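Structural features, examined
One-letter residues, chain by chain:
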Amino acid sequence: MEHIVIIGNGISGVTAARHIRKNSDYKITIVSAETKYFFSRTALMYIYMGHLTFKHTQPYENWFWDKNRIELKEGFVKKINTNEKTLDFQDSSSISYDKLIIATGSKPNKFGWPGQDLEGVMGMYHKQDLENLEKNAPNNDVCKRAVIVGGGLIGIELAEMLRSRKIPVTFLVREDSFWNGVLPAQESAMINEHIKEHHIDLRLSTNLKEIKSDENGKVKSIIIEETGEEIFCNVVGLTAGVTPNIDFLKDSKIETKRGILVNRFLETNIKNVFAIGDCAEQHEAIGQRRNIEAVWYTGRMMGETLAQTICGNKTAYKPGHWFNSAKFLDIEYQTYGWVFSERGKKENETYFQWQHPKDFKCITISYDESTRKFLGINTFGIRMRHEIFDKWLTQNKTIEFVLEYLADANFDPEFYKLHESEILEKFNKENNTNISLRKKSWKRIFSKS
Ligand SMILES: Cc1cc2nc3c(=O)[nH]c(=O)nc-3n(C[C@H](O)[C@H](O)[C@H](O)COP(=O)(O)OP(=O)(O)OC[C@H]3O[C@@H](n4cnc5c(N)ncnc54)[C@H](O)[C@@H]3O)c2cc1C
């Protein structure tokens, strides 16, 4: 019987294993150096915040793996020998495989800052990072201040975690406005304001120079590059992005760039070796997507797709229209299709924007100025329906259509204040149009065409 070995028990590796089991009788082994059982990485923050226990983040009961004949091996893979088809572990053990799936995820970026390996400095990626945070920042007596370096989605989660224990936070962000390489200026400015409202000391256009140690090798302070200012702190969170976790492949024959290079079938340059999830890098980007996509649902999709191929139904990875969602403290964010920041926007792309006068709510709709084709939408503080935007993007609807039927797309419960009329009024005024809003129709919402 063929032996399928999967390195990594995150969403991509586990999804591949589950779907291979559904469709075959192969022997399956999942290897992980982090935890024995799969857990939801995206829920890590809620453990520290006291909303969940670690057990609550495990989607499957411990008996699930035995019952489904999926073997779990704990250990760190040090080397892959693709000629012999074996894996060597840190503890000197080894196993052989017939087909190998590498799903080793990401690791937090470290840019060689002096002091980056001191006690009290951590990323926020692995379960061990959370344990480290719990040890170094259990409360605001032990941790008088934390400094977070890098203003992305994980940085803002870490800030929220620390603030939930009333630990003062200084947040160093290289850009002159939060996440403005991704978000349009209106949205980025709103998030800046929201961060400050949460009593977070947001420092824009600010870089870390070094982390200083006390006499016991623990973090004492950081120095700011631009001003030389010293900020005393007990914890430094490094959240300046992530990189594929593939250092252990250095001496192998598997072709890598920033990640493990794969084709549309998630095959590497070596026969019977595949890569999925955060560690995989497409040779050529799919549409406007990045070559490496470090998000949960694409890991799951790659796992499902590859399981088909491994079970004899060769299937290309086709992720469809881009979407994503996240939370900036109290503000929910959703994006469908492509809305680029002012910097990333192409010549033909233009925005229609609306912002609530008092609340932290806004939308940006991106469309093609000449054809009026709808390209994408960002919403903050307003929940939208994924399937509707997916359909409208596939059907190449116009901006005018999207506004006319906007009520169909809204997912907020009935008792929420709805803003479609105000949004449409602004569009009509700016564009000299006379579009009127259609009443929400469940029939249209659930129709496929
Ligand atoms: C705090 C946080 C919040 C996030 N929130 C969101 C979100 O809201 N939405 C979203 O879409 N995405 C989010 N992400 C990103 C998302 O979690 C990742 O894209 C996803 O978990 C990657 O899954 P993966 O299976 O590719 O890898 P991983 O989940 O990283 O799993 C890889 C596993 O392989 C193990 N491993 C690595 N190397 C070896 C080795 N040599 N030997 C043995 N084992 C090894 C690792 O220890 C790890 O357990 C978040 C990430 C973090 C850290």
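Structure's up top.
Report follows, based on the coordinates.

The rules behind these values
- Residues numbered from 1 in each chain as written.
- Predicted model: local features only at pLDDT ≥ 70, side-chain atom pairs only at ≥ 80, totals over all residues.
- Heavy atoms only, no water.
- Buried < 20%, exposed > 50% of the residue type's maximum accessible area, 1.4 Å probe, protein only.
- Helix = DSSP H or I, 4+ residues; strand = E, 2+ residues; numbered from the N terminus.
- Pairing = 2+ DSSP bridges.
- Near = heavy atom within 4 Å.
- Polar contact = N/O pair within 3.5 Å; in protein donor to acceptor, adjacent residues only side chain to side chain.
- Areas by Shrake-Rupley, 256 points an atom, 1.4 Å probe, with all protein chains shown as cover.
- Salt bridge = Lys/Arg side-chain N within 4 Å of Asp/Glu carboxyl O.
- Axes fitted to C-alpha atoms, helices over the stretch in contact; angles between N-to-C directions.
- Expected span 1.5 Å × (residues − 1).
- Parallel < 35°, antiparallel > 145°, perpendicular 65-115°, else oblique.
- Left-handed = near helix turned anticlockwise from the far one by under 90°.
- Contact = heavy atoms within 4.5 Å.

1. Quick notes on the pairing of strand β25 (residues 374–380)
- Of all seven residues that make up β25, seven are buried, and the element is covered over most of its length.
- Pairing geometry for strand β22 (residues 331–337) and β25, over five bridges, is antiparallel. The residue bridging Gln334 from the neighbouring strand is Thr379, located in β25.
- Strand direction decides the pairing type here: strand β24 (residues 362–368) and β25, joined by six bridges, are antiparallel. Within β25, the residue paired with Ile363 across the bridge is Thr379.

2. Structural notes on the site of the ligand
- For the ligand, the set of nearby residues contains 30 residues, the closest of which are Ser12, Glu34, Arg41, Tyr125 and Asp278.
- Contacts to the ligand include Arg41, whose side-chain N or O atom sits 2.9 Å from an oxygen atom.
- Contacts to the ligand include Ala294, whose backbone N or O atom sits 3.4 Å from an oxygen atom.
- For the ligand, whose free accessible area comes to 1,000 Å², the fraction covered by protein is 91%.
- Breaking the shell around the ligand down by element, the ones donating at least two residues are α1 (11–23) and α5 (153–164).

3. What to know about the pattern of salt bridges
- Applying the stated rule across the entire model yields 20 salt bridges.
- Two residues, Glu160 and Lys327, come together in a salt bridge whose shortest N-O distance is 3.1 Å. Separated by 167 residues along the polypeptide, Glu160 in helix α5 and Lys327 in strand β21 (residues 323–328) bring together distant segments of the chain.
- On the basis of relative accessibility, which here comes to 27%, the residue Lys327 falls in the partly exposed class.
- Measuring nitrogen to oxygen at the nearest pair gives 3.8 Å for the salt bridge that ties Glu349 to Lys346.
- You can call Glu349 buried: its relative accessible area is 8%.
- Through salt bridges with shared partners, a single ionic network connects Asp201, Arg203 and Glu229.

4. Things to note about the sheet that holds strand β5 (residues 86–89)
- As summarised here, the arrangement of the three strands in space is β4-β5-β6, forming an open sheet in which the pairing is antiparallel. Two strands close off the open sheet at either side, each with one partner strand: β4 (77–81) and β6 (94–96). Looking at each pair of strands side by side, their axes are set apart by 20° on average, direction ignored.
- In the sheet, β4 pairs with β5 via four bridges, with the strands oriented antiparallel. Among the inter-strand pairings, Val77 is bridged to a residue of β5, identified as Phe89.

5. Considering α5
- Helix length check: α5 (twelve residues) gives 17 Å between terminal C-alpha atoms against 16 Å at 1.5 Å per residue, within 8%.
- Of all the positions in α5, only Gly155, Ile156, Leu158, Ala159, Glu160, Met161 and Leu162 are classed as buried.
- Of the residues trailing α5, Lys166 is marked for its positive phi of about 60°.

6. So, unusual backbone geometry
- Even without a glycine there, the phi angle at Trp179 is positive, about 50°.
- With respect to the element layout, Trp179 can be found in the loop between β11 (169–172) and α6 (185–197).
- For Trp179, a relative accessible area of 17% corresponds to the buried category.
- Its identity is not glycine, yet Asn272 carries a phi of approximately 70°, on the positive side.
- By secondary structure assignment, the location of Asn272 is in the loop between β18 (260–262) and β19 (273–275).

7. A short note on the pairing of strand β7 (residues 99–102)
- A two-sided burial pattern is seen for β7, the buried positions comprising Lys99 and Ile101 on one face and Leu100 and Ile102 on the other.
- Both strand β1 (residues 3–7) and β7 contribute to a ladder of four bridges, which runs parallel. Each residue of the ladder has a partner; that of Ile4, found in β7, is Lys99.
- Direction of pairing for β7 relative to β19: parallel, over a ladder of three bridges. Looking across to β19, one finds that Ile102 is bridged to Ala275.

8. Topic: the packing of α1 against helix α7 (residues 296–310)
- The N-to-C vectors of α1 and α7 enclose an angle of 30°; their axes lie 7 Å apart at closest approach. Here α1 is positioned roughly parallel relative to α7, judged by the angle of their axes. Seen along the crossing, α1 lies across α7 with a hand that is right-handed. Note on element contacts: α7 touches α1 through Trp296, Gly299, Arg300, Gly303, Glu304, Ala307, Gln308 and Ile310, opposite Ile11, Ser12, Thr15, Ala16, His19, Ile20 and Asn23.

9. Notes on the sheet that holds β11
- With parallel pairing, five strands are arranged side by side in an open sheet as β9-β16-β10-β11-β12. Only two strands of the sheet have a single neighbouring strand rather than two, namely β9 (121–122) and β12 (201–203).
- Pairing of strand β10 (residues 146–149) with β11, which is carried by four bridges, proceeds in the parallel orientation. Bridge pairing links Val147 to Thr170 in β11.

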